[in-house]
Amino acid sequence: MRPLVLTQNITADGSIEMLDDWFDPTADAPDLHAITQRDSAACDAILLGRETFEAFRGFWPAQADDTTGITAELNALEKYVVSSTMTDPAWQHSTIIASDPVAAVRALKSRPGRGIALTGSIRLCHTLIAAGLVDEYCLWTHPYVQGRGRRLFPEGHREPLRLLEHLAFDSGVTYTRWAPRKEPS
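Remember, predicted model here, so these are calculated numbers, not experimental data.

**Some remarks on the pairing of strand β6 (residues 136-142)**
A regular strand carries its side chains on alternate faces of the sheet. Counting buried positions along β6 gives 6 out of 7 residues, so the element sits mostly inside the fold. Pairing of strand β1 (residues 4-11) with β6 involves 7 bridges; the strand directions are parallel. Of the residues in β6, the one forming a bridge with T7 is C138. For β6 and strand β8 (residues 174-180), the ladder comprises 5 bridges, and the chain directions are antiparallel. Residue T141 lies in a different strand from β8, and its bridge partner there is T174.

**Overview of the confidence of the model for the protein chain**
Taken residue by residue, the protein chain gives an average pLDDT of 91. The fraction at 70 or more is 98%. Looking at the elements of the protein chain, mean pLDDT is at its lowest for helix α3 (residues 70-76), recorded as 79, and at its highest for strand β7 (residues 161-168), recorded as 98.

**Focus: helix α1 (residues 30-41)**
The first and last C-alpha atoms of α1 sit 16 Å apart over 12 residues, in line with the 16 Å expected at 1.5 Å per residue. For α1, the complete set of buried residues consists of L32, H33, I35, D39 and S40. Along the axis of α1, the buried positions cluster into a sector of 160 degrees, meaning they face one direction only. Exposed and facing more than 90 degrees away from the buried side of α1 are P30 and A41. Against the buried residues of α1 lie β2 (43-49), α3, β6, β7 and β8.

Calculation rules
- Residues numbered from 1 in each chain as written.
- Predicted model: local features only at pLDDT ≥ 70, side-chain atom pairs only at ≥ 80, totals over all residues.
- Heavy atoms only, no water.
- Buried < 20%, exposed > 50% of the residue type's maximum accessible area, 1.4 Å probe, protein only.
- Helix = DSSP H or I, 4+ residues; strand = E, 2+ residues; numbered from the N terminus.
- Pairing = 2+ DSSP bridges.
- pLDDT = per-residue confidence, 0-100.
- Expected span 1.5 Å × (residues − 1).
- Arc of directions from axis to C-beta.
- Contact = heavy atoms within 4.5 Å.

In structure tokens, the structure reads:
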């Protein structure tokens with residue numbers, strides 16, 4: 001079964017909603033980009049909610065001098081956008097999921113292939129976390145306190161995690177990779 005890998009940028013106080021300018025995806029940070037590229041190579045699809053998809057589609061394809069490699073990667077990846085209103089994704093290799101996202105993601109996970117990345121898309125993340133479909137959490141924690149904003153986990157959600165990897169960078173950003181701790185049955 002293909003893993004669903006949730007990757008988020010997050011503030012030190014736990015917000016994933018970017019209300020201030022605490023994160024720049026085009027920043028010159030080769031050490032961070034190396035980890036991003038490693039993780040991206042493990043996935044052959046990306047899953048996004050409509051708002052995040054539209055933000056990505058409006059930004060990344062227009063980056064002519066992208067030294068991060070993200071533009072080329074996103075253009076080549078199979079993209080799935082969850083939306084009940086979109087009729088034409090207008091971006092190559094994109095498929096609209098207009099039905100129940102939980103059932104659709106279960107079906108995607110059962111297909112052959114590498115991992116499925118999920119980023120941004122806070123409502124979709126909450127839905128898939130609550131359904132128990134996330135296999136890994138990759139969190140880029142930025143040294144910034146925003147003091148407001150939506151959180152990664154839905155209100156009241158509890159889940160034991162096990163640490164798979166932890167890295168710290170000179171910029172103050174940390175990267176942690178977690179997996180749900182499966183309780184023995």
